[in-house]
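Notes for the structure review
What follows is each chain in one-letter form.
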Amino acid sequence: MPKIELDCKEKFKFAIIFYHLTFCFASLYYSFDYSNECDAENIFRIASEAENINSLIGIGTIFISFLIYPLIKIGFNYILLTILFSVISLKGFLIYGDMFFKTDLKKRADTFLFIILFFLPSYHFWTSFVGKDAVVFYLMAIVLSNVFNMKRINLFFITSIILILVIRPYIFFILLLSYLLNFIFNPELGKEKKIKVILFSLAVGFLTLPILQKFLKLEDIKIENIKENYNRIILYSQRNGNSSINLEKSSYLERLMLVLFRPFFYESIRPFHILASIENTIVWLSIIKFFTSIKRINLYKIKEIIFPVMAFVLLILFYSVYMYNLGLASRMRVMYMPYMLFSIYWIVIKHKN
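Residues numbered from 1 in each chain as written. Predicted model: local features only at pLDDT ≥ 70, side-chain atom pairs only at ≥ 80, totals over all residues. Heavy atoms only, no water.

When helices and strands are tallied, the protein chain shows 15 helices and zero strands. For the protein chain, with 353 residues in total, the buried portion stands at 50%. Sequence-distant contacts in the protein chain: of pairs separated by 6 or more residues, those separated by 24 or more amount to 73%. Of the accessible surface of the protein chain, which amounts to about 19,000 Å², a share of 66% is contributed by carbon and sulfur atoms. (Helix = DSSP H or I, 4+ residues; strand = E, 2+ residues; numbered from the N terminus. Buried < 20%, exposed > 50% of the residue type's maximum accessible area, 1.4 Å probe, protein only. Contact = heavy atoms within 4.5 Å. Areas by Shrake-Rupley, 256 points an atom, 1.4 Å probe, with all protein chains shown as cover.)

With respect to the helices and strands, the residue Leu 21 is situated in helix α1 (residues 8-32). Relative accessible area serves as the criterion here: at 28%, Leu 21 is assigned to the partly exposed category. Taking the C-alpha atoms as reference points, Leu 21 and Val 87, 66 residues apart in sequence, are found 7.8 Å from one another.

Together, Phe 32, Ile 79, Leu 80, Ile 83 and Val 87 make up an exposed nonpolar region whose accessible area comes to about 380 Å². With four residues, helix α4 (residues 78-100) is the single largest residue contributor to the nonpolar patch. Looking at the secondary structure, you find Val 87 in helix α4. Note on Val 87: relative accessible area 40%, which makes it partly exposed. (Patch = residues over 30% accessible without salt bridge, like charges linked within 9 Å, V, L, I, M, F, W, Y side chains within 5 Å. Salt bridge = Lys/Arg side-chain N within 4 Å of Asp/Glu carboxyl O.)

With that out of the way, let us pick up helix α2 (residues 39-49). Of the residues making up α2, those classed as buried are Ala 40, Ile 43, Phe 44 and Ala 47. Angularly, the buried residues of α2 cover 95° about the axis, an arc narrow enough to put them on a single face. Those residues of α2 hidden inside the fold are in contact with α3 (61-73) and α4. (Arc of directions from axis to C-beta.)

What follows is about the packing of α1 against α4. For the pair α1 and α4, interaxial distance at closest approach is 9 Å and the crossing angle is 145°. Between α1 and α4 lies a crossing whose hand is right-handed. Touching Lys 9, Phe 12, Lys 13, Ile 16, Ile 17, His 20, Leu 21, Cys 24, Ser 27, Leu 28, Ser 31 and Phe 32 of α1 are Tyr 78, Ile 79, Thr 82, Ile 83, Ser 86, Ser 89, Leu 90, Phe 93, Leu 94, Gly 97 and Asp 98, all from α4. (Axes fitted to C-alpha atoms, helices over the stretch in contact; angles between N-to-C directions. Left-handed = near helix turned anticlockwise from the far one by under 90°.)

Bringing the nonpolar core into the picture now. In terms of nonpolar packing, the biggest core is built from 95 residues, with Met 140, Ile 171, Tyr 319, Tyr 336 and Tyr 339 touching the most fellow members. Looking at which element gives the most residues to this core, the answer is helix α15 (residues 326-352), with 15 residues. Every residue in contact with Tyr 336, bar those within four places of it in the chain, is listed here: Val 259, Leu 260, Phe 312, Leu 315, Ile 316 and Tyr 319. (Core = buried A, V, L, I, M, F, W, Y, C linked by side-chain atoms within 4.5 Å.)

Our focus in this paragraph is the packing of helix α7 (residues 132-148) against helix α14 (residues 306-322). At a minimum axis distance of 10 Å, the contact between α7 and α14 shows a crossing angle of 145°. Only Phe 307, Pro 308 and Leu 315 of α14 make contact with α7, whose side of the interface consists of Met 140, Val 143, Leu 144 and Val 147. Considered class by class, the residues forming the contact of α7 with α14 number seven nonpolar, no polar and no charged. (Nonpolar A, V, L, I, M, F, W, Y, C, P; charged D, E, K, R; others polar.)

As a further point, take the pattern of salt bridges. Enumeration over the complete set of coordinates arrives at four salt bridges. Across the salt bridge formed by Asp 39 and Arg 331, the nearest N and O atoms sit 3.3 Å from each other. Of this pair, Asp 39 sits in helix α2 while Arg 331 sits in helix α15, and the two are 292 residues apart along the sequence. In this structure Arg 331 comes out as buried when scored by relative accessible area, which is 19%. Residue Asp 133 pairs with Arg 331 through a salt bridge whose shortest N-O separation is 3.0 Å.

Quick look at the environment of Glu 279 now. Relative to the assigned elements, Glu 279 resides in helix α13 (residues 271-294). On the basis of relative accessibility, which here comes to 4%, the residue Glu 279 falls in the buried class. For the pair formed by Glu 279 and Tyr 123, sequence separation is 156 residues and the distance between their alpha carbons is 10.0 Å. Apart from residues no more than four positions distant in its own chain, Glu 279 is found in contact with Leu 120, Pro 121, Ser 122 and Tyr 123.

Here the focus is the packing of aromatic side chains. Tallying each qualifying case throughout the model produces 20 aromatic pairs. The interplanar angle of 90° and the centroid separation of 5.0 Å between the aromatic rings of Phe 148 and Phe 342 together place this pair among those described as edge-to-face. Residue Phe 148 is located in helix α7, and its partner Phe 342 is located in helix α15; the two are separated by 194 residues in the primary sequence. Given the relative accessible area of 18%, Phe 148 is considered buried. Residue class for Phe 342 comes out buried when judged on its relative accessible area of 2%. Pairwise contacts between aromatic rings join Phe 12, Tyr 19, Phe 23 and Phe 119 into one cluster. (Phe/Tyr/Trp six-rings, centres within 6.5 Å; stacked < 30°, edge-to-face > 60°.)

For the protein chain, the average pLDDT comes to 78, and 73% of its residues sit at 70 or higher. Per-element averaging of pLDDT across the protein chain places helix α11 (residues 223-239) at the bottom with 60 and α3 at the top with 93. Residue range residues 1-5 is modelled with pLDDT below 50. Its contacts to residues more than four positions away, or to other chains, number zero contacts. (pLDDT = per-residue confidence, 0-100.)

For the rest of this paragraph, the subject is the side chain of Ser 343. Assignment of secondary structure puts Ser 343 in helix α15. We classify Ser 343 as buried; its relative accessible area is 0%. In terms of polar contacts, Ser 343 uses its side chain to reach the backbone carbonyl oxygen of Tyr 339, at 2.8 Å. Setting aside its immediate chain neighbours within four residues, Ser 343 contacts Ile 305, Pro 308, Val 309 and Phe 312. (Polar contact = N/O pair within 3.5 Å; in protein donor to acceptor, adjacent residues only side chain to side chain.)

Written as structure tokens, this is what we have:
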């Protein structure tokens, strides 16, 4: 038989597919461990017990039940749906992979950084459940690919944005603001085009604001209502889960540290915490590399990554408002970490080139 030689990109695809699907089975094991509270099982149960699909129309988690309702009716069980959602998030990893292979990754250090991004275990684990994380992870990969490669706005891109709006409205608004800033700070775009983009973005934001308002359970966008909603989050954090930080007494800086770096190694209780602390160390080193590289690079050159930079910065700042739990912080990193690491590695590689 003739010898089949695979290039680096094909080897990566085979490795990431095998690696990710391994975590699909890990998520199933976690789900069937009845000592764990699993949102994925609740989503499946709600869809299974619904009398009709109309009762599942809504935003946020309930929308995932809406999506899987027809699949359950044609015979999909929990295991098959878990595999399906794992494949959806896998597609997101492959999209990010295609973007990275378009950069110059010839040097060993670049390749090492590249591998770190795609093989951090917790990101594969949290995107292998039936739930919002797997779907939004994939949709955000589509958005970044389209914006970074300056593709024309098409139906696929618009559909992805709308789904993000329905599943996690706050991410939609952060991406919209990042998209707007991407145009405002791009020195190559003319004033007339910038004004058109600003007006369009403001119109979209105004029209979709009621969805965010409903998601945040705010009757009106007033300071009093926002404070009341925040107090509900404080009460919830005190009654549910093992809170790693007191939301009421903690400072914003403490929560920012939780979002970015915790758990630290000495805080680890379970093997999963140890693994997460190692990943956090990698992130910490990557951020140091980012700041040491950006000092030596012409800021004009980073115009290409204004969108992902603004997106991950705004997401981190948003999560730091209410983050109180180690597990939740680990899950939410899935939303911003690809954008963050893509920006870091792009700057490092661009600087070398």
